Amino acid sequence: MADTTTTLDATDRRLLREVQRDGRASIVALAERIGLSPTPCQRRLKRMEEDGVIAGYAAVLDAPRLGLGLTAFVQVSLASRSEETVEAFHAAIGRMPEVLAAWAMSGETDYLLQVVATDLEAYGEFATRRLLRLPGVKDTKSAFVLRTVKPPAGLPV
């Protein structure tokens with residue numbers, strides 16, 4: 001596997017921390033915060049965007065305020081790991097807006113999904129009528145978030 005790591009200096013890392021903290025900050029504000037003038041700051045930002053270090057920008061939404069009060073982490077085991085089954089599973093979960101993230105895992109389970117729903121009843125409907133009925137799904141195990149102790153944060157750069 002080729003090394004795709006981008007070399008970053010201390011200023012790049014400061015800039016990344018600031019962008020993760022406030023993705024809507026202007027170039028002038030970012031430059032001021034990291035001790036650069038705007039033009040070199042913008043060049044660094046553009047380089048990191050082009051290199052794929054910055055994959056995109058997004059707003060962080062509050063799920064409970066949007067009526068999505070339940071978060072579950074779901075372990076999924078497939079009956080088969082054939083290419084056809086795996087591709088069909090990937091495509092199906094890609095079409096499910098309730099699935100916020102999905103990871104292929106090592107160990108006893110094949111996938112870990114992060115799922116949101118309005119409540120336990122809505123999650124039950126999703127799990128029994130949609131997730132468990134996907135071709136190739138053998139078993140699922142769900143764990144529900146009781147309280148967020150540390151919300152997702154930026155990467156440690």
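Residues numbered from 1 in each chain as written. Predicted model: local features only at pLDDT ≥ 70, side-chain atom pairs only at ≥ 80, totals over all residues. Heavy atoms only, no water.

What follows covers the packing of aromatic side chains. Overall, the coordinates contain three aromatic pairs when judged by the stated rule. When the ring of Phe89 is compared with that of Tyr111, the centres are 4.7 Å apart and the planes differ by 45 degrees; the resulting orientation is tilted. Within this pair, whereas Phe89 is found in helix α4 (residues 83–94), its partner Tyr111 is found in strand β3 (residues 111–117), the two being separated by 22 residues in sequence. Relative to Phe126, the ring of Tyr123 lies with its centre 6.2 Å away and its plane at 45 degrees, an arrangement referred to as tilted. With Tyr123 and Phe126 both in helix α5 (residues 120–131) and three residues apart, this pair spans about one turn of that helix. Residue classification places Tyr123 among the buried positions, given a relative accessible area of 4%. Take Phe126: its relative accessible area is 5%, and that puts it in the buried class. An aromatic cluster of at least three residues, connected via ring pairs, comprises Tyr123, Phe126 and Phe144. (Phe/Tyr/Trp six-rings, centres within 6.5 Å; stacked < 30°, edge-to-face > 60°. Helix = DSSP H or I, 4+ residues; strand = E, 2+ residues; numbered from the N terminus. Buried < 20%, exposed > 50% of the residue type's maximum accessible area, 1.4 Å probe, protein only.)

With that settled, the discussion passes to the domain arrangement of the protein. The domain architecture assigned to the protein consists of domain 1 (10–51) and domain 2 (63–144). Taking only C-alpha atoms into account, the centre of domain 1 sits 36 Å from that of domain 2. (Domains from an automatic or database assignment.)

This next bit is on the sheet that holds strand β1 (residues 70–78). Taken in spatial order, the four strands make up an open sheet running β2-β3-β1-β4, and their pairing is antiparallel. Looking at strand neighbours, the two that pair on one side only are β2 (99–104) and β4 (137–144), the edges of this open sheet. Between one strand and the next, the sheet's axes are offset by a mean angle of 20 degrees, whatever the strand orientation. (Pairing = 2+ DSSP bridges. Axes fitted to C-alpha atoms, helices over the stretch in contact; angles between N-to-C directions.)

Two elements in contact, helix α1 (residues 10–21) and helix α2 (residues 27–34), have axes separated by 10 Å at closest approach and are oriented at 130 degrees. Here α1 lies oblique to α2, going by the angle between them. Judged by the sense of rotation from one axis to the other, the crossing of α1 with α2 is right-handed. Contacts between α1 and α2 involve Thr11, Arg14, Leu15, Glu18, Val19 and Arg21 on the former and, on the latter, Leu30, Arg33 and Ile34. Residue composition of the contact of α1 with α2, grouped by class: four nonpolar, one polar and four charged. (Parallel < 35°, antiparallel > 145°, perpendicular 65-115°, else oblique. Left-handed = near helix turned anticlockwise from the far one by under 90°. Contact = heavy atoms within 4.5 Å. Nonpolar A, V, L, I, M, F, W, Y, C, P; charged D, E, K, R; others polar.)

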